[in-house]
Amino acid sequence: MQATTTLREPGELVAHGLVHATDLAELRQVAARYAVAITPELAALIDPNDPGDPIARQFVPTAAELQREAGENVDPIGDQAFSPVPGIMHRYPDRVLFKLVHVCAVYCRFCFRREMVGPGKDSALSDAAYTQALAYIRAQPEIWEVILTGGDPLMLSARRLGDIMKELAAIDHVRIIRLHTRVPVADPARVSEAMVAALKTEGAATWVALHANHARELTPRARAAAARLIDAGIPMVSQTVLLRGVNDRVEALEQLMRAFVECRIKPYYLHHGDLAPGTAHLRTTLAEGQELMRRLRGRVSGLCQPEYVLDIPGGAGKSPVGPNYLLPDDSGMEEGVGREQTRYRVVDYCGGVHLYPPRP
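In this convention, every chain numbers its residues from 1, walking through the sequence in written order. This being a predicted model, a pLDDT of at least 70 is required before a residue's local features are given, and a value of 80 or more before pairs of side-chain atoms are given or counted; all residues contribute to the totals for chains, interfaces and linings. Side-chain numbers come from the whole structure's heavy atoms, not from hydrogens or water.

## Remarks on empty space enclosed by the protein
Empty space among the atoms can be located by rolling a probe the size of a water molecule over them.
Here is step 1: A 1.4 Å probe that fits into a set of points on a 1 Å grid over the protein atoms alone but cannot get out defines a cavity; an open set with protein on both sides within 12 Å along at least five of seven lines defines a pocket, and lining residues are those with an atom within 4 Å of a point. Grid points are joined across faces, edges and corners, and a volume is the space filled by probe spheres set on the points. If you walk through the whole model with that rule in mind, you get two cavities of 30 Å³ or more.
Here is step 2: Lining the largest cavity are Tyr 34, Ala 35, Tyr 107, Cys 108, Arg 109, Cys 111, Arg 114 and Val 117.
Here is step 3: Residue classes follow a fixed rule: Ala, Val, Leu, Ile, Met, Phe, Trp, Tyr, Cys and Pro count as nonpolar, while Asp, Glu, Lys and Arg count as charged, and any other residue, Gly among them, counts as polar. Among the residues making up the lining of the largest cavity, the classes are represented as six nonpolar, no polar and two charged.

Next up, the structure:
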């Protein structure tokens, strides 16, 4: 059965053939804790006959989410320690996260903010909290970039989002406004001409970061939504989470990164999975991620290369964790012209090892 509205209840998932009725009791336990929403756009991509369908693994709840492993945390990347006022996360000197809403078009089963988003949570900042957040940004001249997140900022109306963009762009030291969203793939019709117009504002440059994890998400409608933004002069980058059973094969990553570039979206981050509760079944190891990046380097254009990063638990921020291609040579130091010179071993994309500088 083709979904015509967003699926939010386990019973609806059974009715549309996305889960088995025998799993209903456990799935109701999952849904009572973590929000569920699958838009018609994404539901149509799921193959109910494939138990390992990569779209289903991202959005259809499973009983595995009830299992919590050691080290998992409701705030796995330490957001709250860097929140000077409600709605603001100020971890890095020149930029802040501005969490406008706590709702999304679709809820990912691996979300690191899964305890904080969804129906029943505060849907948006109060007027007082919004005013306080703007005052904080105005008072911090080092803030060059404001990143609108949540939840998904494109869940706001075009009118409201346009007002927010104008208020932020009016702050002299704010030069970049970046929005993180899944809407172009989850509900591409929301990226209307009015929404695109709302995102363009004088005084600051707008960037949009699109979250997608599998090439099938970039449907013709999703690509058209991205094109509306890009054709209006709004550059786009991508964010992807490395997920077991979704994109943990080099072929899947290759297809996804090439699809981004074909859409004029520059691959930006490949995130290692965060230690969010009930997500262990979707996480890979760092060694697996490094090997995938090593293999991707030899397969696709430099345009298609994201940076593999880990958000260090506890709030220390992102760190690149990709493979290392440069190591000191065991032969150590050699006499150079007037100074000692270190020789390195450099690994090429085929795994060959070369000395730099070469031996005479």
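## Observations regarding unusual backbone geometry
Here is step 1: A cis amide bond links Gly 150 to the next residue, Gly 151, at an omega of 15°.
Here is step 2: Residue position: Gly 151 is located in the loop between strand S3 (145-149) and helix H6 (158-169).
Here is step 3: In this structure, the amide linkage connecting Tyr 356 to the following residue, Pro 357, adopts the cis form with an omega of -10°.
Here is step 4: By the secondary structure assignment, Pro 357 is in the segment after strand S12 (353-356).
Here is step 5: In this model, Arg 264 sits at a positive phi of 70°, which is unusual for a non-glycine residue. Each helix is a run of DSSP H or I of at least 4 residues and each strand a run of E of at least 2, with the numbering of both proceeding from the N terminus.

## Thoughts on the packing of aromatic side chains
Here is step 1: Aromatic pairing here means that ring centres of Phe, Tyr or Trp (its six-membered ring) are within 6.5 Å. Orientation follows from the plane angle: under 30 degrees is stacked, over 60 is edge-to-face, and everything else is tilted. A full pass over the atoms with the stated rule returns two aromatic pairs.
Here is step 2: Where Phe 98 meets Tyr 130, the ring centres are 5.8 Å apart and the plane angle is 15°; that geometry is what we call stacked. With a gap of 32 residues between them, Phe 98 in strand S2 (residues 95-99) and Tyr 130 in helix H5 (residues 127-139) connect regions that are remote in the sequence.
Here is step 3: For every residue, the accessible area obtained with a 1.4 Å probe (protein chains only) is divided by the maximum for its type, and the residue is called buried under 20%, exposed over 50%, and partly exposed between those limits. The class of Phe 98 is buried, set by a relative accessible area of 0%.
Here is step 4: You can call Tyr 130 buried: its relative accessible area is 7%.
Here is step 5: Each ring, one from Tyr 268 and one from Tyr 269, has its centre 4.1 Å from the other, and the planes form 20°; the classification is stacked.
Here is step 6: Judged by its relative accessible area of 28%, Tyr 268 falls in the partly exposed class.

## Side note on H6
Here is step 1: Expected helix span is taken as 1.5 Å per residue step, with the number of steps being one fewer than the number of residues. Along its twelve residues, H6 runs 16 Å from first to last C-alpha, staying within 8% of the 16 Å computed at 1.5 Å per residue.
Here is step 2: Elements that come into contact with the buried residues of H6 comprise S2, H5, S3, strand S4 (176-181), helix H8 (193-199) and strand S5 (205-211). For this analysis, residues touch if any pair of their heavy atoms sits within 4.5 Å.

## Considering the sheet that holds strand S1 (residues 88-92)
Here is step 1: Criterion used throughout: strands pair if DSSP finds at least two bridges between them. A sheet is described by the order of its strands in space; here nine strands give the open sequence S1-S2-S3-S4-S5-S6-S7-S8-S9, paired in mixed fashion. The sheet terminates laterally at S1 and strand S9 (317-320), the two strands that pair on one side only. Averaged over all neighbouring strand pairs, the angle between strand axes comes to 30°, with direction disregarded.
Here is step 2: Pairing geometry for S4 and S5, over six bridges, is parallel. Bridge pairing in S5 links Ile 176 to Ala 205.
Here is step 3: In this description, a line fitted to the C-alpha atoms serves as the axis of each element, helices being fitted only across the stretch in contact, and the angle between N-to-C directions of two axes falls anywhere from 0 to 180 degrees. Across the sheet, helix H10 (residues 250-262) is in contact with S5, strand S6 (236-241) and strand S7 (265-271); its angle to S7 comes to roughly 145°.

## What to know about the packing of H5 against H6
Here is step 1: Closest axis-to-axis distance for the H5/H6 pair is 11 Å, and the angle between their directions is 30°. Taken together, the axis directions place H5 and H6 in an arrangement best described as roughly parallel. Where H5 approaches H6, its residues Tyr 130, Leu 134, Ile 137 and Arg 138 are matched on the opposing element by Arg 160, Ile 164, Glu 167 and Leu 168.
Here is step 2: For the contact of H5 with H6, the per-class residue count stands at five nonpolar, no polar and three charged. Roughly parallel covers angles under 35 degrees, roughly antiparallel covers those over 145, roughly perpendicular covers 65 to 115, and oblique covers all other angles.

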